[in-house]
Amino acid sequence: MSSDRYPFREIEARWQRTWEDTKQFRVTEDPSRPKFYCLEMFPYPSGRIHMGHVRNYAIGDLLARYKSMRGFNVLHPMGWDAFGLPAENAAIEHGVHPAIWTSENIDYMRAQLKRLGISYDWDREVNTCEPEYYRWEQLIFIRMLERGLAYRKRSTVNWCPSCQTVLANEQVEDGRCWRCDSEVMPREVDGWFFKITAYADELLAWCDRLPGWPERVLTMQRNWIGRSEGAEFDLAVGGRPGIRIRVFTTRPDTAFGMTYAVLAPEHPLVDRIVTDAREAAAVAEFRAEVAKESEIERLAADRPKRGLRLRAEVVNPFNGAAIPLFLANYVLMGYGTGAIMAVPGEDQRDWDFARQHGLPIIETVKRPEGWTGEAYTGDGVKINSGFLDGLTVADAKRKATDWLVKQRLGEAKVNYRLRDWGISRQRYWGAPIPVLYCEACGMVPEAEENLPVVLPRDVQISGKGGSPLASHPAFVNATCPACGGRARRETDTMDTFVESSWYFLRYCSPRYEGSIFERAAAEYWMPVDQYIGGIEHAVLHLLYARFYTKVLRDLGLVKVDEPFTALLSQGMVIKDGAKMSKSKGNVVSDEFIREKYGADTGRLFELFAAPPERDLEWSDQGIEGCSRFLNRVWRFVLTHQTELAGAPPEAVRVHGRSGGAVGGGVSPHPTSDTGRAFRRQIHETIQRVTDDIEHDFHFNTAISAIMELVNALYAFESDPDGRVPPAERAPLMREAVETVLLLLGPFCPHITEELWARLGHRESIFTRRWPAADPEALKKKAVTIVVQVDGRVRGRLLVDVDAAEDRLRQLALGDERVRPWVVSRRVEKVVVVPNRLVNIVTRA
RNA sequence: GGGGGCGUGGCGAAAUGCAAACGCGAAGGCCUUAAAAGCCUUUGUCCCAAAAGGACUUGCAGGUUCGAAUCCUGCCGCCCCUACCA
């Protein structure tokens, strides 16, 4: 089978060596040329490149090479998101040090990437687990600390009782630890936070100013930030003049329907309200019960709403009514004020709870005719609402809020779902947080001249009992940078999402030692013009990176407001209907594909099989087809090498020049109909491929257009009817072949580079400009017009381009294939679309 | 519960006024001692002996329009995200 395949192994190795030896993809700032920063999300060095990576990098390489051929100065870097838990797991399971495991994986994966032939500037490689990298992150941490953007607090986190560590939200799968499958429990822990909520408004506002991003990613970010407008006000507790309960609501208009109020079980006021010993015991029991609820129970959609009625009552300030006060598991301390006014008439959760506890329900919005539902959340006229009666919901909200302000009870308030970013990890393999705890001075940041705080190598990693750093005396016991006394070093490390929040900035000047990056380099390259990565980072990484960029901007380090101008979210690579994974046994290895078909074929298939944003179903037959296509290209050039070599070279116009051909060649002007039609197809293909890449990333249709041109090339060559004049043959074939190679180059760089050389070119094909369609060649003399009768195709007309509407109407009505459909009917109307169709509308 | 997306041949997918480009698969043929590779033809369904021709067809039901896979409404199915967010 493979015996007749072109020698991809040899040519791929040779060109990779050439590109590396000549440093072909090394770039530097060049203010005389427009820049293009093309970036794929850098990988975690898990061990092997998989097909999802290949897809990601094939798309990036295509765009990078294409933009370069269009004259841009292209920055296309690669690096490693090298901190993370899998390295620690490997240490636990196999006794390999995380640093060694990581660095071996990086070496292996770098070699794999080089064999894919991606056009990276490898001189800019970045590795986030090196002190030269994370020292800048530590410096920024200190700056953030100074500005109150980094702070320490106690909070409830996901705790795995078996692994004895905190898990990030994304490491909890269906309420279980992704590593050991234990049920995750909530737990109070001290930790460090970044104040991303300070940027909530800006992050949200800029969602409307990122037209290069997919709408669904922006929607997910908007939902995640979750801005809601409402009001906050105080409820007095009956008989307890010193105590006021602050509640947040988005529906102040419904306040007259408040029939009870609820505190989150862990609300701090509970202890002040409850004084009786017996009630306090009941509260403690209720709290324990709720705290025991595991993540799994919390995720259950129909989780029962548990509540405990307190003896105290609160007063509805709107109507003076005394109403019961509850603790309930459906009110969360982490959102709003941790307390609510309950309006069962207009809130389904309150409705459920009220029914369970026999509480009254008051309707404050008139239901629509025939309403049969429970709580009503729609619009309508206010009823049972005192001074709000008769108003619409929107007007009543405004009036109720104004009233609260006037009474000095509350105010309008905006709340966000977004929480501050918890960055503490009780783990070893991460960047140390540069803070100390001094016996005399308290918490003190490490002195800048002492940075980096280097992660020590000689640790015992057991996976049990918290961070290994805590049991490393040489690391923990340190000197206070403020007073010189004894201090204990922070042993938490930073979430690895911090490293990936600024790596794209470090790429601008990766070896610069003076600062986090060189200002001029970042000003030249930033922002990233095209970012490409998986949809799974739609919120987390992309939101964190946006936040971190804004922080760096406010620290005066960078000028841009947003890091990524355009984003392409590629779909997953699927096999047998499921994401490829070891456990499912449906993994196709990049090495196997490269060995069997070559890198060019693998890349071509991944770009051809589906548009990039959609999931891609792997197909063993599909890749055979791509292999066959490249062999067809190869065979054509080799079998016609002599004939092609004799034709004038580079009779192809290039973008950015107004006329003529480059390199002394002559544009062929065929006189035969076949020759003219063929040349038109060559130039239509240029136009179509350019549009497909440029406008909507439809690489699959771009490839099919190139395939059609190759099919046409074979047909033109065989010329069974002898209609091509001999003088036109070789020049047109050469123009077609060179066009195919130039258009295909960014998709399949090795084979095109090789064939380009075999046509006699001395320079790399990637130093050539992208071809431009010749308007002369695109001109058509005649077009086929479809004639419809009542919307059905009944005939076709071959007419001059831009024929007059009157003439089209006449020809259509007179056409003998059309007449039978019209003859016994009355012509009502004739719709003419120039150069496209005529539709004759009739009536009996 | 909320938000978003998708539904077209046997399959991956094209198509903003001619539905099914391109590729895969399948069937038949050529080449070959044979195979591989390659090449050629056919390939949505139905009516008709066939051709010519015609009818039907983009999840289902409606609507807008001269004209709808495409726009609108409702329903069905699948996928993703999110989740007691007050």
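Residues numbered from 1 in each chain as written. Chains lettered and ligands numbered in written order. Predicted model: local features only at pLDDT ≥ 70, side-chain atom pairs only at ≥ 80, totals over all residues.

Asks: Help me understand the overall build of chain A, please; the structure alone is not making it clear to me.
Replies: What chain A contains, in helices and strands, is 27 helices and 32 strands. For the C-alpha atoms alone, the extent of chain A along its principal axes is close to 105 × 85 × 50 Å. Residues counted as buried form 40% of the 844 residues belonging to chain A. Nonlocal contacts in chain A, meaning residues at least 24 apart in sequence, comprise 69% of its contacts between residues at least 6 apart. (Helix = DSSP H or I, 4+ residues; strand = E, 2+ residues; numbered from the N terminus. Buried ≥ 20, exposed ≤ 12 C-beta atoms within 10 Å, placed from the backbone. Contact = placed C-beta atoms within 7 Å.)

Asks: Explanation requested: the nonpolar core in the structure shown.
Replies: In a soluble, globular protein the nonpolar side chains are often hidden away together inside. Counting 144 residues, the largest nonpolar core has L505, L604 and V740 as its most contacted members. Looking at this core element by element, the count peaks at 10 residues for helix α2 (residues 51-69). One finds M258, L325, F326 and A400 within the second-largest nonpolar core, a separate group that totals 41 residues. (Core = buried A, V, L, I, M, F, W, Y, C linked by C-beta atoms within 7 Å.)

Asks: Explain the pairing of strand β25 (residues 567-570) here, please?
Replies: The pairing of strand β24 (residues 530-534) with β25 spans four bridges and is classified as parallel. Opposite G533, over in β25, you have S569 as the bridge partner. A crossover links β24 with its parallel partner β25, the connecting element being helix α16 (residues 540-554), and its sense is right-handed. (Pairing = 2+ DSSP bridges. Right-handed = clockwise from strand over helix to strand, strands pointing away.)

Asks: Honestly, the sheet that holds strand β22 (residues 486-489) in this entry has me stumped. Any pointers?
Replies: Consider a sheet: its strands pair through backbone hydrogen bonds, and that pairing is either parallel or antiparallel. Spatial ordering of the open sheet is given by β20-β19-β22-β21, a layout of four strands whose pairing is antiparallel. The open sheet has two free edges, formed respectively by β20 (442-445) and β21 (477-479), since each of these has just one partner strand. Adjacent strand axes in the sheet meet at a mean angle of 45 degrees, parallel and antiparallel pairs treated alike. One ladder, built from three bridges, connects strand β19 (residues 435-438) with β22; its direction is antiparallel. Looking at the pairing, Y437 lines up with R488 of β22. (Axes fitted to C-alpha atoms, helices over the stretch in contact; angles between N-to-C directions.)

Asks: What is the right way to read the domain arrangement of chain A from this model?
Replies: A common measure of how large an interface is: the accessible area buried when the components associate. Here the domain parsing of chain A yields domain 1 (32-128 + 497-596), domain 2 (140-195 + 420-494), domain 3 (227-416), domain 4 (619-778) and domain 5 (782-843). A C-alpha centroid distance of 56 Å is found between domain 1 and domain 5. (Domains from an automatic or database assignment.)

Asks: Looking at this structure, how should I read unusual backbone geometry?
Replies: Peptide bonds are mostly trans, and most non-glycine residues show a negative phi. Residue L451 is joined to P452 through a cis peptide bond whose omega torsion reads 0 degrees. With respect to the element layout, P452 can be found in the loop between β20 and α13 (473-476). Looking along the chain, the bond that leaves M526 and enters P527 is cis, with omega of 0 degrees. Here P527 shows up in the loop between α15 (519-525) and β24. If you check the backbone angles, D802 has positive phi at about 60 degrees while not being a glycine. Examined against the element boundaries, D802 turns out to sit in the loop between β30 (792-800) and α26 (805-814).

Asks: What is the right way to read the packing of helix α21 (residues 673-696) against helix α22 (residues 699-718) from this model?
Replies: Packed helix pairs are specified by the crossing angle of their axes together with the interaxial distance, meaning the distance between the axes. Following both chains from N to C, one finds α21 and α22 inclined at 165 degrees, their axes separated by 8 Å at the closest point. As far as their axial angle goes, α22 and α21 are roughly antiparallel. In this structure, α21 crosses over α22, and the sense of that crossing is left-handed. Within the contact between the two elements, α21 uses F678, Q681, I682, T685, R688, V689, D692 and I693 and α22 uses F699, T701, A702, A705, I706, L709, A712 and F716. In terms of residue class, the contact of α21 with α22 is built from 11 nonpolar, three polar and two charged. (Parallel < 35°, antiparallel > 145°, perpendicular 65-115°, else oblique. Left-handed = near helix turned anticlockwise from the far one by under 90°. Nonpolar A, V, L, I, M, F, W, Y, C, P; charged D, E, K, R; others polar.)

Asks: Explain the sheet that holds strand β26 (residues 573-575) to me, please; I cannot follow it from the model alone.
Replies: Spatial ordering of the open sheet is given by β27-β26-β28, a layout of three strands whose pairing is mixed. Of all the strands in the sheet, the pair left with one neighbour each is β27 (578-579) and β28 (616-617). Sheet topology places β26 next to β28; two bridges connect them, and they run parallel. Paired with V573 across the strands is L616, a residue of β28.

Asks: It is not clear to me how helix α1 (residues 8-21) should be interpreted in this structure. Could you clarify?
Replies: Structural remark: α-helix, 3.6 residues per turn; residues separated by three or four positions point the same way. Over its 14 residues, α1 extends 20 Å from the first C-alpha to the last, a length consistent with the 20 Å expected when each residue adds 1.5 Å. Listing the buried residues of α1 in full gives F8, I11, E12, W15 and W19. On an axial view of α1, the arc spanned by its buried residues comes to 100 degrees, and they lie on one face. Along α1, exposed side chains directed more than 90 degrees from the buried face belong to E10, R17, E20 and D21. Those residues of α1 that are buried are in contact with α18 (599-608) and α24 (749-758). The first or second residue beyond α1 is K23, which carries a positive phi of 50 degrees. (Expected span 1.5 Å × (residues − 1). Arc of directions from axis to C-beta.)

Asks: Please clarify how the pairing of strand β13 (residues 307-315) should be interpreted in this entry.
Replies: Where a strand is regular, its side chains alternate between the two sheet faces. Note that strand β10 (residues 227-237) and β13 share two bridges and pair antiparallel. When the sheet's bridge partners are listed, A236 is paired in β13 with V315. Relative to strand β14 (residues 322-328), β13 is paired through six bridges, and the arrangement is antiparallel. Its bridge partner being in β14, V314 is matched across the sheet by I323. Where β13 folds back onto β14 in an antiparallel hairpin, the turn is made up of six residues, including G320, whose phi is positive at roughly 75 degrees.

Asks: Looking at this structure, I do not really get α2. What am I missing?
Replies: With 19 residues, α2 ought to run about 27 Å at 1.5 Å a step, and its terminal C-alpha atoms sit 27 Å apart, in line with that. Here α2 lies mainly inside the structure; 19 of its 19 residues are buried. At the C-terminal side of α2, G71 shows a positive phi close to 95 degrees.

Asks: What exactly am I supposed to notice about the packing of α18 against helix α19 (residues 620-639) here?
Replies: Where α18 contacts α19, the two axes come as close as 9 Å, and the packing angle between them is 120 degrees. Taken as axis vectors, α18 and α19 run oblique relative to one another. In the packing of α18 onto α19, the handedness of the crossing is right-handed. Mapping the contact onto sequence places D600, T601, L604, F605 and F608 in α18 and G622, I623, C626, S627 and L630 in α19. In terms of residue class, the contact of α18 with α19 is built from six nonpolar, three polar and one charged.

Asks: What should I look at first to understand the confidence of the model for chain A in this one?
Replies: On average, residues of chain A carry a pLDDT of 89, and 95% of them reach 70 or more. A low-confidence stretch, residues 651-666 (pLDDT under 50), is modelled with 39 contacts involving residues beyond four sequence positions or located in other chains. On the interface metric, ipTM, the complex scores 0.94, and its pTM is 0.92. (pLDDT = per-residue confidence, 0-100.)

Asks: Whenever I open this one, the environment of D420 confuses me. Can you help?
Replies: In this structure, D420 sits in the loop between β16 (410-416) and β17 (421-422). By C-beta crowding, D420 is classed as partly exposed, having 18 other C-beta atoms within 10 Å. Sequence spacing of D420 and A200 is 220 residues, and the spatial spacing of their C-alpha atoms is 9.8 Å.

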